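If you want the building blocks of each chain, they are given just below.
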Number of protein chains: 2
Amino acid sequence: MNIHLVCTGTELLIGHTLNTNQHFIGGCLDAAGYRLAAERCVPDTGAAIAAAVREELARADVVITIGGLGPTTDDLTRDSVARELGVPLKYHPDVHAVITAYLAGRNVTVPAESLRIQAMVPENATPLLNRNGTAPGLWCPASGGKVVVMLPGPPRELQPMFQEQVLPRLRELAPPEVARVAFSVCGLPESAVAEVVERELAPFADIEPAYCARPAQVEVRLSATPALKARLELARARLMECLGDAVLPAGCSEPAQAVGSMLLERRLWVATAESCTGGWIAKTLTDLPGASAWFSGGLVTYSNDWKECLLDVPEAILNDYGAVSAETVTAMLEALFRRYEADAGMAVTGIAGPAGGTADKPVGLVYIATGLRAQRQVSRHLFPGNRDSVRQRTVTTALNQLRLQLLQAR
Amino acid sequence: MNIHLVCTGTELLIGHTLNTNQHFIGGCLDAAGYRLAAERCVPDTGAAIAAAVREELARADVVITIGGLGPTTDDLTRDSVARELGVPLKYHPDVHAVITAYLAGRNVTVPAESLRIQAMVPENATPLLNRNGTAPGLWCPASGGKVVVMLPGPPRELQPMFQEQVLPRLRELAPPEVARVAFSVCGLPESAVAEVVERELAPFADIEPAYCARPAQVEVRLSATPALKARLELARARLMECLGDAVLPAGCSEPAQAVGSMLLERRLWVATAESCTGGWIAKTLTDLPGASAWFSGGLVTYSNDWKECLLDVPEAILNDYGAVSAETVTAMLEALFRRYEADAGMAVTGIAGPAGGTADKPVGLVYIATGLRAQRQVSRHLFPGNRDSVRQRTVTTALNQLRLQLLQAR
């Protein structure tokens, strides 16, 4: 099944809005065993939208459009597509009722005319319920058994609609073309992961691996024909065994989630002491809902004064070894246990750049201390890249170091 | 001048990689007075790349391709485009020398063959120097005065190449089509900004406004024909006067930058005390290079214990008013001045959700206290959206509240 995507919206072309919808839909299709074969972005004009849908419909089985379903003058997708398909729009009282109920629950009033516009549906189309907004999606049959699917642009409206209503309908059109499994590996370089994967997959010539590298983390995806689903599971199990603790548990796309669930399960409280990352580790932990059940707090000791006053790092250590040293980061971690009664802790200090590097201590040098009361570990790193990259890698590496310690302490 | 973009790379279609290059190029062109008229993504196959370039070249003056210039088997853009244009590839000794020098400076050795592949250049093309990688960009004339520009995919290679070498060449092809000015407004809702802009622009019928809303912030862009550049500046000055302190200074795209430069200029030190944002304010401040000259540190007091121990929030206040209250946030800010000797401070507490809301204190309720020693302000907010949105708005609003106080204290 050939699936093409047409994103409408001038805001995507002039650098206002990053096209996260393409990323989301491509990823969902891939995970479901389908492939997004092509994508294009066109401005908000009826002519551009109609031409793009016409061209893509000539070469695809399913064309998904995004955006332009609202009630304003630049919302032209519904009209342009209906005209292109030669289908009249028809007032749909059920859609009108659903939108009215949605707005009533939110105490919002909208001009009757704009309500009516959004209740106009191509005669042969099935409306797709919008849980988080007014404009319904539209599933529109086209000639030759093809389909045009129109989705609203806001991600919080599009995402549940795609997963709950579009994917199941695609599955009815055609079975998945590939079976796929994926897992994330943390703390090994991509080349080391690839070496293990290539070696272990040698007897599995029918399984294709792919890698997606993120800072200090690699996602491995394996694919095969749907008939080989069982073999795929076997290959995954084999790889996960070889890669051992470096593999994040199912459902975790980053180490913070694994850390959080182990802390919660063992009723341990974690605290952080950050210098170069400036609060990013704490921010990453508190991105997770429910962090208040296992994260007590964090100290961002950016200046040496704060390191001395809040973490009791001795002035002598700061003078003799410097703020970026194994000695300093060790003292920072110790203070989390001794003074702040943490059960688990992470401390980091480093040179994120662009300034501040020296021959001895270049930009990218980072010390990370993590541990539980009975078990501490200090590591030294030289991270590549710019300020943002060094900081991001420090965050992920610190979280993963604590994750491995929690695993070992089991 | 019609500019179309062709992004190559299966990773963009299967949800591995977010297409930040499109966002970057669209924004750069827009700022320079040009318009990206269309974009498409195709997989890494020679046939798909050639077909896309052929189709786009039929309707555009300039086609920019991204990706597929490296030395591996899935780097097919250079070959496919040269074949499409009917131009032979020719070994380019200067390009070879530049790549060799680049690699030598990095102590990297690369197989001679892959070096040679990257030194093959379409006969009539001008290579574009790559400061941050090996594959050069290519500026390739096509028939009818058209041009195909091939750029490498990694953003750190593409971005300087586009700004330093592509934009100036585009300016030689055709003058900018629009003149544009932009500024950011912080702390006013989009509707209030639009009201002022529409009112004040009434006498400027030849100037078109556009808005880009981000959490707690709005970017305003004004455009007109290039001949009206002076009128555009006049309109901007008028709007900035009407919007007053809500406008961020030139060169600042977010309030943290304005806060940082005022603190640096006045030699003041800021500290933070965060609950619901969990370190995100400190992270945002330390995203800025040089933050160590004005940010002393931050406290992430997520639990009530930490609020009591580190910020001396009286137990009575926590019991009587709760952790999310004006009383608590005031006590948090006071501690930054009294106990941590800050010159300026920000304190926040709130309910980010998804759990933890009550009828009295719903998800989205946030208290923000900011100030200088002589001047404090506490505000109460009910932010919409999910956990991430509530936290992001809290960060921007706290930074902007302090920014306004710093302006008033001048």
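To start, this report covers the structure provided alongside it. (Residues numbered from 1 in each chain as written. Chains lettered and ligands numbered in written order. Predicted model: local features only at pLDDT ≥ 70, side-chain atom pairs only at ≥ 80, totals over all residues.)

**Considering the environment of Val395 of chain A**
All names here are of chain A.
In step 1: Here Val395 is to be found in helix H15 (residues 387–408).
In step 2: A count of 28 C-beta atoms within 10 Å places Val395 in the buried class.
In step 3: The spatial distance from the C-alpha of Val395 to the C-alpha of Gly279 is 9.5 Å, given a sequence separation of 116 residues.
In step 4: Dropping the residues within four chain positions of it, Val395 is found in contact with Thr277, Trp280, Ile281 and Thr284. (Helix = DSSP H or I, 4+ residues; strand = E, 2+ residues; numbered from the N terminus. Buried ≥ 20, exposed ≤ 12 C-beta atoms within 10 Å, placed from the backbone. Contact = placed C-beta atoms within 7 Å.)

**Notes on the packing of helix H2 (residues 20–31) of chain A against helix H7 (residues 155–173) of chain A**
Residues and elements named next belong to chain A.
In step 1: Relative orientation of the contacting elements H2 and H7 amounts to 20°, with a least axis distance of 11 Å. As summarised for this structure, H2 and H7 are arranged roughly parallel, according to the angle between their axes. For the pair H2 and H7, the crossing hand works out as right-handed. Packed against H2, whose contacting residues are Thr20, Asn21, Phe24, Ile25 and Cys28, the element H7 presents Pro155, Leu158, Gln159, Phe162, Gln163 and Leu167 at the interface.
In step 2: Broken down by class, the residue content of the contact of H2 with H7 amounts to seven nonpolar, four polar and no charged. (Axes fitted to C-alpha atoms, helices over the stretch in contact; angles between N-to-C directions. Parallel < 35°, antiparallel > 145°, perpendicular 65-115°, else oblique. Left-handed = near helix turned anticlockwise from the far one by under 90°. Nonpolar A, V, L, I, M, F, W, Y, C, P; charged D, E, K, R; others polar.)

**Here we look at unusual backbone geometry**
Excluding glycine, residues mostly carry a negative phi; peptide bonds, for their part, are mostly trans.
In step 1: For the bond from Gly353 of chain A to Pro354 of chain A, the omega torsion is 0°, close enough to zero to count as cis.
In step 2: Its place among the elements puts Pro354 of chain A in the loop between strand E14 (344–350) and strand E15 (365–372).
In step 3: Not every positive phi belongs to a glycine, and Glu341 of chain A is a case in point at roughly 55°.
In step 4: Its location among the elements puts Glu341 of chain A in the loop between helix H14 (326–338) and E14.
In step 5: A residue is classified by how many C-beta atoms lie within 10 Å of it, and Glu341 of chain A, with 13 of them, is partly exposed.
In step 6: For Asp312 of chain B, which is not a glycine, the phi torsion comes out positive at approximately 55°.
In step 7: Looking at the secondary structure, you find Asp312 of chain B in the loop between helix H12 (304–311) and helix H13 (315–320).

**Quick notes on the nonpolar core**
In step 1: In terms of nonpolar packing, the biggest core is built from 138 residues, with Met332 of chain A together with Met332 of chain B touching the most fellow members.
In step 2: The residues touching Met332 of chain B, leaving out its near neighbours within four places in the chain, are Ala273, Lys307, Leu311, Val313, Ala347, Thr349 and Ala369 of chain B.
In step 3: By size, the runner-up hydrophobic cluster in this structure holds 102 residues, among which are Trp139, Phe162 and Val166 of chain A together with Ile99 of chain B. (Core = buried A, V, L, I, M, F, W, Y, C linked by C-beta atoms within 7 Å.)

**Quick word on the relation of the copies chain A and chain B**
A rotation about an axis combined with a shift along that same axis relates the two copies of the chain.
In step 1: The two copies are related by a screw operation: chain A maps onto chain B through 180° of rotation and 0.0 Å of translation along the axis, at an RMSD of 0.1 Å. The transformation just described matches what one would write down for a two-fold rotation axis.
In step 2: By residue overlap, the copies meet face to face through one surface: 100% of the interface positions of chain A are interface positions in chain B. (Least-squares fit on C-alpha atoms with pLDDT ≥ 70 in both.)

**Let's talk about the pairing of strand E10 (residues 208–214) of chain B**
Residues and elements named next belong to chain B.
In step 1: Pairing analysis gives seven bridges linking E10 to strand E11 (residues 217–224), with the strands arranged antiparallel. Bridging from a neighbouring strand, Arg214 pairs with Gln217 of E11.
In step 2: If you look at the hairpin formed by E10 and E11, you'll find two residues sitting between the two strands, and Ala216 has a positive phi there, around 65°. (Pairing = 2+ DSSP bridges.)

**Comments concerning the interface of chain A and chain B**
Accessible area lost upon the coming together of the parts is a frequently used measure of interface size.
In step 1: Counting from both sides, the interface comprises 47 residues of chain A and, opposite them, 47 residues of chain B.
In step 2: Breaking the side of chain A that touches chain B down by element, the ones donating at least two residues are H2, strand E2 (36–42), helix H11 (280–286), strand E13 (295–301) and helix H12 (304–311) of chain A.
In step 3: In terms of residue class, the side of chain A that touches chain B is built from 22 nonpolar, 18 polar and seven charged.
In step 4: As defined by bridge partners, E2 of chain A adjoins strand E2 (residues 36–42) of chain B across three bridges and the pair is classed as antiparallel. Residue pairing in the sheet places Glu39 of chain A in a bridge with Cys41 of chain B of E2 of chain B.

**Some details on the pairing of strand E13 (residues 295–301) of chain B**
All names here are of chain B.
In step 1: Judged by how many residues are buried, E13 sits mostly within the fold: seven of seven residues are covered.
In step 2: As paired elements, strand E12 (residues 270–274) and E13 share five bridges and run parallel to each other. Each bridged residue has a counterpart across the sheet, and for Ala271 the counterpart in E13 is Gly297.
In step 3: On the question of chirality, the crossover connecting E12 to the parallel E13 by way of helix H11 (residues 280–286) is right-handed. (Right-handed = clockwise from strand over helix to strand, strands pointing away.)

**Digging into the environment of Gly322 of chain A**
Residue and element names in this part refer to chain A.
In step 1: Counting through the fold element by element, Gly322 comes out in the loop between helix H13 (315–320) and H14.
In step 2: C-beta crowding within 10 Å serves as the criterion here: with 16 such atoms nearby, Gly322 is assigned to the partly exposed category.
In step 3: Taking the C-alpha atoms as reference points, Gly322 and Asn304, 18 residues apart in sequence, are found 9.5 Å from one another.

**Focus: H14 of chain A**
In step 1: With 13 residues, H14 of chain A should reach 18 Å at 1.5 Å per residue; the first-to-last C-alpha distance of 18 Å fits that figure.
In step 2: Elements that come into contact with the buried residues of H14 of chain A comprise strand E12 (270–274), H12, H13, E14, E15 and strand E16 (375–382) of chain A. (Expected span 1.5 Å × (residues − 1).)

**A short note on the sheet that holds E10 of chain B**
All names here are of chain B.
In step 1: Read from one edge of the open sheet, three strands run E9-E11-E10, paired in antiparallel fashion. Each edge of the open sheet is held by one strand with a lone partner, namely strand E9 (179–186) and E10. For this sheet, the mean inter-axis angle between neighbouring strands, taken without regard to orientation, is 20°.
In step 2: Pairing geometry for E9 and E11, over eight bridges, is antiparallel. Its bridge partner lying in E11, Phe183 is registered against Val220.
In step 3: Along the sheet face, helix H9 (residues 229–243) touches E9 and E11 and points at about 10° away from the line of E9.

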